[in-house]
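Coordinate inspection notes
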Amino acid sequence: MAHHEAPVILADHWARGGKGAEGLAHAVVNLIDKAPADFRYVYEDALPLWEKMHAIATKIYGAADIIADTKVRNQIKQLQSDGYGHYPVCVAKTQYSFSTDPLLRGAPSGHVVNIRDVRLAAGAEFVVMICGDVMTMPGLPKEPAALKIDLIDGKVVGLF
């Protein structure tokens, strides 16, 4: 990675906890301290959800516009009127392209982002705009699996 001037830092936090990530944390802080201070948000918190979604699509993904059918637009309006308009927006879309078309590889420009659904993540405090034909993870169970896992006589039980 030397040709990109990106440091490579060994992090074995998975084995040593916080101590294993200490070097990485210091490297990140050093990079931040050296970086130019021209950071800007993609959108202001006060913007309505639709405008936040438009800003993400046009400023980050190079889209010309966003579209959504009437049902999705009504969902967005309902979330806005229910008081969730100040939430940030998260995007779920294909990982193969900045567009919503997995066959349009890379970072094309001028495309239209199709918002096919929106979901509220009230606990995490964000709204998800689901774009194109992308599968999302199912929800978590009501009872975490960790409640069934234990250590008995030095053996882990309850994993399966």
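One structure accompanies this document, and this report is about it. Keep in mind that what you see is a predicted model, and the values were worked out from it rather than measured.

The subject of this paragraph is the packing of aromatic side chains. Overall, the coordinates contain one aromatic pair when judged by the stated rule. Above the ring of Trp 50, the side-chain terminus of Arg 73 is found at 4.1 Å from the ring centroid. The side chain of Lys 93 reaches across the aromatic face of Tyr 61, ending 5.0 Å from its centre.

Attention now goes to the environment of Asp 12. Relative to the assigned elements, Asp 12 resides in the segment before α1 (13-16). Along the chain, Asp 12 and Gly 23 lie eleven residues apart, while their C-alpha atoms are 9.8 Å from each other. Dropping the residues within four chain positions of it, Asp 12 is found in contact with Gly 17 and Gly 20.

Moving on to the side chain of His 111. In this fold, His 111 is placed in the loop between β2 (89-92) and β3 (112-121). A relative accessible area of 10% means that His 111 is categorised as buried. Within polar-contact distance, the side chain of His 111 engages the backbone oxygen of Tyr 61 at 2.9 Å. Here His 111 is in contact with Tyr 61, Gly 62, Ala 63, Ala 64, Asp 65, Phe 98, Ser 99 and Leu 104, once residues within four sequence places are set aside.

Interaxial distance between helix α3 (residues 49-59) and helix α4 (residues 70-84) falls to 9 Å at its minimum, and their mutual angle equals 120 degrees. One finds that α3 runs oblique with respect to α4. On the side of α3, the interface is formed by Leu 49, Trp 50 and Met 53, while α4 contributes Arg 73, Ile 76, Leu 79, Gln 80 and Tyr 84. Tallied by class, residues from the contact of α3 with α4 come to six nonpolar, one polar and one charged.

A contiguous nonpolar patch, built from Ile 149, Leu 151, Val 156, Leu 159 and Phe 160 and spanning about 610 Å² of accessible area, is present on the exposed surface. We classify Ile 149 as partly exposed; its relative accessible area is 36%.

The next subject is unusual backbone geometry. Residues other than glycine seldom take positive phi values, yet Glu 125 does so here, at roughly 65 degrees. Secondary-structure assignment places Glu 125 in the loop between β3 and β4 (126-131). Residue class for Glu 125 comes out partly exposed when judged on its relative accessible area of 47%. The backbone phi angle of Asp 153 is positive, close to 50 degrees, even though this residue is not glycine. Assignment of secondary structure puts Asp 153 in the loop between β5 (150-152) and β6 (155-157).

In this section: the sheet that holds strand β1 (residues 65-67). Read across the open sheet, the four strands follow the order β1-β3-β4-β2; overall the sheet is mixed. Among the strands making up the open sheet, the edge pair consists of β1 and β2. The mean angle between the axes of side-by-side strands here comes to 40 degrees, regardless of whether they run parallel or antiparallel. When β2 meets β4, the two strands line up parallel, connected through four bridges. Bridge assignment links Val 91 to a residue of β4, and that residue is Met 129. This element, α3, spans β1, β2, β3 and β4 of the sheet and lies at about 130 degrees to β1.

Glancing now at the pattern of salt bridges. Tallied over the entire structure, the rule returns three salt bridges. Among the ionic pairs, Glu 22 bridges to Lys 19, the shortest N-O distance being 3.5 Å. Take Lys 19: its relative accessible area is 55%, and that puts it in the exposed class. Measuring nitrogen to oxygen at the nearest pair gives 3.6 Å for the salt bridge that ties Arg 119 to Asp 117. In this structure Arg 119 comes out as partly exposed when scored by relative accessible area, which is 37%.

How each quantity is defined
Residues numbered from 1 in each chain as written. Predicted model: local features only at pLDDT ≥ 70, side-chain atom pairs only at ≥ 80, totals over all residues. Heavy atoms only, no water. Phe/Tyr/Trp six-rings, centres within 6.5 Å; stacked < 30°, edge-to-face > 60°. Lys NZ or Arg CZ within 6 Å of the ring centre and 35° of its normal. Helix = DSSP H or I, 4+ residues; strand = E, 2+ residues; numbered from the N terminus. Contact = heavy atoms within 4.5 Å. Buried < 20%, exposed > 50% of the residue type's maximum accessible area, 1.4 Å probe, protein only. Polar contact = N/O pair within 3.5 Å; in protein donor to acceptor, adjacent residues only side chain to side chain. Axes fitted to C-alpha atoms, helices over the stretch in contact; angles between N-to-C directions. Parallel < 35°, antiparallel > 145°, perpendicular 65-115°, else oblique. Nonpolar A, V, L, I, M, F, W, Y, C, P; charged D, E, K, R; others polar. Patch = residues over 30% accessible without salt bridge, like charges linked within 9 Å, V, L, I, M, F, W, Y side chains within 5 Å. Areas by Shrake-Rupley, 256 points an atom, 1.4 Å probe, with all protein chains shown as cover. Salt bridge = Lys/Arg side-chain N within 4 Å of Asp/Glu carboxyl O. Pairing = 2+ DSSP bridges.

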